[in-house]
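Coordinates in review
Listed below are the residues making up each chain.
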4 protein chains.
Amino acid sequence: MTAHQDDSMLGRARVADSPELTAYYGELADLEAGALWTVANKIEPWYPQPLSVPVLWRYAELRPLVRKALDLVKADDAGRRVVMLVNPGRRDVSAAAGLLYTGLQIMGPGESMTAHRHQAAALRFVHEGTGAWTIVDGEKLSVGPGDFAITPNGTWHEHGNEGEDEPVIWQDGLDIPLVNALDAGFYEVHPDLYQQPRPIRNESVLAYGANLLPYGADKWTRPYSPLLAWPWEPTYQALRNLAKTTEGSPYDGVIMEYTNPVTGGSVMPTMGAHMQLLLPGQATKAHRHTGSVVYTVAKGRGASVIAGQRFEWTKGDIFCVPSWAWHEHANLDASDDACLFSFNDFPVMRSLGFHREEAYPDNDGHQPTG
Amino acid sequence: MTAHQDDSMLGRARVADSPELTAYYGELADLEAGALWTVANKIEPWYPQPLSVPVLWRYAELRPLVRKALDLVKADDAGRRVVMLVNPGRRDVSAAAGLLYTGLQIMGPGESMTAHRHQAAALRFVHEGTGAWTIVDGEKLSVGPGDFAITPNGTWHEHGNEGEDEPVIWQDGLDIPLVNALDAGFYEVHPDLYQQPRPIRNESVLAYGANLLPYGADKWTRPYSPLLAWPWEPTYQALRNLAKTTEGSPYDGVIMEYTNPVTGGSVMPTMGAHMQLLLPGQATKAHRHTGSVVYTVAKGRGASVIAGQRFEWTKGDIFCVPSWAWHEHANLDASDDACLFSFNDFPVMRSLGFHREEAYPDNDGHQPTG
Amino acid sequence: MTAHQDDSMLGRARVADSPELTAYYGELADLEAGALWTVANKIEPWYPQPLSVPVLWRYAELRPLVRKALDLVKADDAGRRVVMLVNPGRRDVSAAAGLLYTGLQIMGPGESMTAHRHQAAALRFVHEGTGAWTIVDGEKLSVGPGDFAITPNGTWHEHGNEGEDEPVIWQDGLDIPLVNALDAGFYEVHPDLYQQPRPIRNESVLAYGANLLPYGADKWTRPYSPLLAWPWEPTYQALRNLAKTTEGSPYDGVIMEYTNPVTGGSVMPTMGAHMQLLLPGQATKAHRHTGSVVYTVAKGRGASVIAGQRFEWTKGDIFCVPSWAWHEHANLDASDDACLFSFNDFPVMRSLGFHREEAYPDNDGHQPTG
Amino acid sequence: MTAHQDDSMLGRARVADSPELTAYYGELADLEAGALWTVANKIEPWYPQPLSVPVLWRYAELRPLVRKALDLVKADDAGRRVVMLVNPGRRDVSAAAGLLYTGLQIMGPGESMTAHRHQAAALRFVHEGTGAWTIVDGEKLSVGPGDFAITPNGTWHEHGNEGEDEPVIWQDGLDIPLVNALDAGFYEVHPDLYQQPRPIRNESVLAYGANLLPYGADKWTRPYSPLLAWPWEPTYQALRNLAKTTEGSPYDGVIMEYTNPVTGGSVMPTMGAHMQLLLPGQATKAHRHTGSVVYTVAKGRGASVIAGQRFEWTKGDIFCVPSWAWHEHANLDASDDACLFSFNDFPVMRSLGFHREEAYPDNDGHQPTG
């Protein structure tokens, strides 16, 4: 709050309590009404007041508990065997940050889940294991570590692990809290419990994996990407190529967005996703923006300062940046790249006209930390 | 919940409690984590489970309390002197339905408010009084009973009543709860406290009030309508004209949307507004859709059945339809039109791909009302 | 051509003829080939070199000949009884300017035409007569002097005059030369020769004539306006209202575009239309732009300077401005408004990225007319 | 012309000549007017009547003449040393088909051209030579055989060959005839005659060459692709991948469009481009559509039937399909792929609402070839 942001100033609500008003408030409550001035300053804050706080979840700590779930619950009973990451400020809605949900799902060798669909959109980022597959509206996709895949809203989907030895652990990202906040959630179990996939695996990757559009793309009218998966290798290669031309954003380094190839827009209408590369030793400047972000360390080690708090991270760790929190990232390795995968609600911010962004003005762009 | 919507079926979470699991949940909580299956069925419901309930607020009951506020609080202390209508299920966020806020604002003769702006978008529907004015980004607008006006997100605005005898009561509609749910709220008091309006009143109505676009309209790039007000008379006339060609929607009768003339879209990116006309004796069929609606009776008298509950209404009354609630409307007057003004969050539903709608399948489209 | 636009400079084709080259050109011609440098400077001019020239057609001169057609040819033999206005530079394609066609159509009392449809888009501006009607895809429209109406590409249409005494003369505007230049013309005679119109006349005017959108407008997906006619009176009133707020464009005065209400764009994808008002004595400054325009004097009298040539006009006169020609307009009446209707190919220019515009830089914006 | 397409039927112009009419036509001509019915059937044809005819240009025949130009004219005198391919029906506008221009440009070892820009859009497809480069708005691109590159409208560009031994021959495609038909042509020689390229070559390929969008792509607002070149190898690989999932279009086989990655649309607003693969022995069915196409054989050998005329082709050959001409393609090699590069005016057809397409209805989709 700056000098110009004072709740006692003219233009803000500053009505003192009185017995008369107390009685009046009671009369209003009897009619399912209230006096705006009793809540105005709270519901019209000077700037965003997220309930979410910055959190870092260490993969090394989470992993044993995730693996333990394999023994504790059957997949068929759990629906999906997922350890969700819950922001201390958003326990009421099971969100990791803002209205975004995330969790780590584990599937044992040979295991598979039943098919369902829901209004909520989902995305996956694979942490470990080589046998993972997912079927999305009849397309069977194989995904491995570092791969990104989507399950757009309303698509039938089911998952499994066809590996023989190792479990798969992948991270789910969903907009469930957003869907619920807007009273828009629907859920269906597949009438046959399982889909019959088409014969060719990864067909959307074969058709849309390059920078050309296949025959029929002009007939695609759904509000999400027909391309359903982005393997790690070409994604990392794209970042390396981009790094030859630019140092990238001052706040994010060399960053690319996974996009819907038929529109150039975000992969789904409610969530976007990026992969970013920090060169050895690179440290970005701080900025803040509306919209919440969940980050996953895809490669390397580094540190991020979020709202003045420093978090060191290494591969597999997950952390979040709440809306309007200052944040900056650094690669702590002097010789190797660091890569951060992230997903966000930026498409919502842009669609609704809520996007705002500003650079940290002081100290050459870096927040003081303690 | 239908036969196919049973939480004990394969595909839903159905893990029984055990001491082992209880211990496990504690370990997870220590890491700011949790087991998805403990909340999955709740956060992924079969269909929307709004916290909002249908409510009708009677103008005859509210009006005395609204007028009382004139004596109880000074406008300069209240910020704005508003009695807000609060859904019993959304008291935590001061919403009338879903993530929509509404309230009745009163301004005494000669009174005026200070100027501010905020991320939240606002709209006005005038109930009574002839001296109301508002200044929106320098355009001074005079508005009277039945008129609809907007204060798009981020525009400087201030209001007043230049009448000499009577107070003005108008209804505000805002997306404050939505803005807060998305951690995107900003607020500023005008540095000069008051705007200097341009000399011509209602200039956007003069420029954009017909079905042609003025010079310069192709340069308008803001995400909301450059036309800021829609007076009652031509709006009612438009409905009467439309009624000559159609009985309108089976669910809404002869209904028109206030639109942004440069795009044909909704007036603002987060809220839409309609005026609808029910012919004497007309009764619509029931449907339901995602998205919340706040209705105000602009003319006549009638009844609506919402989620099986019947509400009789007359001019000035306000009622709400929560997301996915069945609803149908009837004009109870045999000889005069009834008109309902309404505002909604449909633009959000459409932008995010959340729009869904269905007709009431039984009983010739009418809900039983017990 | 400025000092920097010299065909003898490096960067332009400047190959001298030689016997060797002449022989070479013959060899190329044998293979249906040629040497670019022999035509390069012609086909890549420094700036547009329209074949069209400025022309003014006087209604007083045309009218007797148009009326004469009534006696000379039967409507059923002519298809439509139209005197077309042909630019001396575009006789090969029957264009009035650029790739725009215009003509004056006359229909005797009680006469009607057969129905057809074509790829070309058409528009009408009524000069005289009170009994004119047109049926467009089943909607019967009555149109009178000063009214503007459209027949979008691909719509079935037929016309007639239900007056008892006077012929109707209206002006047609079509994009026939454009359609032919792009080899895209189709034509069909209605299988029943005549349409059966729906019972309500002017239904699109009743539904879309105000600045609100009727029920169902969100389902309109055709590339043209669902509103098919704009009567004179409200159009003129809209200009008068706009004139209270602005002097309008320095080049066009108080000008409004007829628009597609569901998009805010031009009424059809290949032609746009405007009505403009020049206040008593008002004289605009000169500018030029890509795109061709055909003007019709709807009210009053004045003069336009086009490419340095002065044309005086009065009600009913038609004149054209070729692409990239300087032009400016003046109302020569000291006490009454002058109004110019116009149609153009600006939508084509904008869709293809060809729009360019500049102000006349000298002499306070006015061309010398020597 | 079918049974229903008879110029003597009611609904078509069928006015017989008479001395009276001849005199009348003279009177009209004196006023720069004419009678529509004298040209109506010609300018409103039943279906498109292109002046262009199907043509195949054999690379083996053209190549010697193209190489001869190297000796006959200096690049600096020619502007660009190009043998253009001229449709016998469009000699007046130097078009290869419809309003599309194409030519073969040759640059000797070490040669370079001066920089210019123009309203016309250009594209390149490299036939032979390894040293070709082009600078487009400061980006230097190296291009080799099979590569596709664009020079969008209004971009500064210059070309050269840095090879030491061999000339480069590439094919230019431009929309010059379209630009001229619309009176929209502008041309400028670069004030410094040569651009200073930025240090990194092929930077747009590095930044946009994958299926992700780099930092800053959301700020790209120009109406064409920021990606300027598509090398042959990944393009061919993309077709091979796509061929694993589909036989492609019945009319085109496995076909992909080069697209603007930030919109998913065509690479430029006036021209689109495709690469298509015909499997060994594959023969497509015939269809026809509005819009003109120029094909270049990128790989293999085959035959196309165009408007009933059969053309055998091999690598390097160029042929055209006029608007609305039936066409089908066949790979005549039993063991190797054939690839056709093509460019077209489809973006114009779509923008203006002129796109129409139909399948050949008889003989299992194949044209008789007499």
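Analysis parameters
Residues numbered from 1 in each chain as written. Chains lettered and ligands numbered in written order. Predicted model: local features only at pLDDT ≥ 70, side-chain atom pairs only at ≥ 80, totals over all residues. Heavy atoms only, no water. Helix = DSSP H or I, 4+ residues; strand = E, 2+ residues; numbered from the N terminus. Rg over C-alpha atoms; globule rule 2.2 N^0.38 Å. Buried < 20%, exposed > 50% of the residue type's maximum accessible area, 1.4 Å probe, protein only. Contact = heavy atoms within 4.5 Å. Areas by Shrake-Rupley, 256 points an atom, 1.4 Å probe, with all protein chains shown as cover. Least-squares fit on C-alpha atoms with pLDDT ≥ 70 in both. Pairing = 2+ DSSP bridges. Axes fitted to C-alpha atoms, helices over the stretch in contact; angles between N-to-C directions. Buried area = accessible area lost by both parts, 1.4 Å probe. Polar contact = N/O pair within 3.5 Å; in protein donor to acceptor, adjacent residues only side chain to side chain. Nonpolar A, V, L, I, M, F, W, Y, C, P; charged D, E, K, R; others polar. UniProt positions renumbered as here; feature names shortened; annotations may be inferred. Salt bridge = Lys/Arg side-chain N within 4 Å of Asp/Glu carboxyl O.

Quick notes on the overall build of chain A
When helices and strands are tallied, chain A shows eight helices and 24 strands. Against the 2.2 N^0.38 benchmark of 21 Å for 370 residues, chain A shows a C-alpha radius of gyration of 23 Å, consistent with a compact globule. Considering chain A as a whole, with its 370 residues, one finds that 64% of them fall into the buried category. If you take every contact in chain A between residues at least 6 apart in sequence, the share linking residues at least 24 apart comes to 76%. With the model as given, the accessible surface of chain A reaches about 13100 Å², and the carbon-plus-sulfur share is 50%.

Notes on the relation of the copies chain B and chain A
Aligned on chain A, chain B shows an RMSD of 0.0 Å; the corresponding rotation is 180 degrees and the shift along the axis is 0.0 Å. Classification of the inter-copy transformation places it as that of a two-fold axis. The rotation axis passes nearest to the C-alpha of S351 of chain B in chain B, at a distance of 3.1 Å. Comparing contact sets, 100% of the residues at the interface of chain B also lie at the interface in chain A, consistent with an isologous, same-surface contact.

Things to note about the sheet that holds strand β2 (residues 55-57) of chain A
Strand order across the open sheet formed by seven strands is β2(A)-β21(A)-β18(A)-β23(A)-β16(A)-β15(A)-β13(D), with antiparallel pairing between neighbours. The sheet is open, and its two borders are formed by β2 of chain A together with β13 (212-214) of chain D, each paired with just one other strand. Sheet twist, expressed as the average angle between the axes of neighbouring strands with direction ignored, equals 25 degrees. Sheet analysis places β2 of chain A next to strand β21 (residues 318-321) of chain A, joined by three bridges and oriented antiparallel. Bridging from a neighbouring strand, L56 of chain A pairs with F319 of chain A of β21 of chain A. Sheet strands in contact with helix α7 (residues 232-243) of chain A are β15 (254-258), β16 (272-278), β18 (293-299) and β23 (338-344) of chain A together with β13 of chain D, and its direction is about 135 degrees off that of β15 of chain A.

As for the interface of chain D and chain A
Counting from both sides, the interface comprises 32 residues of chain D and, opposite them, 32 residues of chain A. Here chain D and chain A share an interface that buries about 2700 Å² over both sides, 64% of which is from carbon and sulfur atoms. When the buried surface of chain D facing chain A is broken down by residue, N211, L212 and Y215 of chain D rank first, second and third, together holding 25% of it. Put simply, chain D and chain A have six residue pairs in polar contact (both at pLDDT 80 or more) between them. Residues that form the side of chain D that touches chain A fall into these classes: 19 nonpolar, ten polar and three charged. Here strand β13 (residues 212-214) of chain A pairs with strand β15 (residues 254-258) of chain D via three bridges, running antiparallel. Following the sheet pairing, P214 of chain A is matched in β15 of chain D by M256 of chain D.

What to know about the UniProt feature "domain: Cupin type-2" (unreviewed entry) in chain A
As recorded in UniProt, the sites labelled "domain: Cupin type-2" (unreviewed entry) are residues 104-170 and 276-335 of chain A. Within the segment residues 104-170 of chain A, helix and strand shares are 0% and 52% respectively, and the terminal C-alpha atoms sit 6 Å apart.

With respect to unusual backbone geometry
All names here are of chain C. The backbone phi angle of E32 is positive, close to 55 degrees, even though this residue is not glycine. Tracing the backbone through its elements, the reader meets E32 in the loop between α1 (19-30) and β1 (33-35). The class of E32 is partly exposed, set by a relative accessible area of 24%. Non-glycine residue S94 carries a positive phi angle of around 55 degrees. Positionally, S94 belongs in the loop between β3 (82-85) and β4 (101-107). The exposure class assigned to S94 is buried, which follows from its relative accessible area of 4%.

Description of the relation of the copies chain D and chain A
With an RMSD of 0.0 Å, the operation that places chain D on chain A is a rotation of 180 degrees combined with a shift of 0.0 Å along the axis. Most of the interface of chain D is mirrored in chain A, where 100% of its interface residues are also at the interface.

As for the interface of chain B and chain A
Of the residues lining the interface, 93 residues belong to chain B; the matching set on chain A comes to 93 residues. Taking both sides of the interface into account, the surface hidden between chain B and chain A amounts to around 8100 Å²; carbon and sulfur atoms contribute 63%. Per-residue buried area on chain B facing chain A is highest for D183, F186 and Y187 of chain B; these three make up 9% of the total on that side. At the junction of chain B with chain A, the criterion picks out eight salt bridges. A salt bridge links R80 of chain B to E44 of chain A, with the nearest nitrogen and oxygen atoms 2.8 Å apart. The interface formed by chain B and chain A includes 36 residue pairs in polar contact (both at pLDDT 80 or more). Considering each element in turn, the side of chain B that touches chain A owes the most residues, seven residues, to helix α3 (residues 59-72) of chain B. Residue classes in the side of chain B that touches chain A are distributed as 55 nonpolar, 18 polar and 20 charged. Two strands pair when backbone bridges link them, and strand β1 (residues 33-35) of chain A and strand β3 (residues 82-85) of chain B are joined in this way by three bridges, in the antiparallel orientation. Looking across to β3 of chain B, one finds that A35 of chain A is bridged to V83 of chain B.

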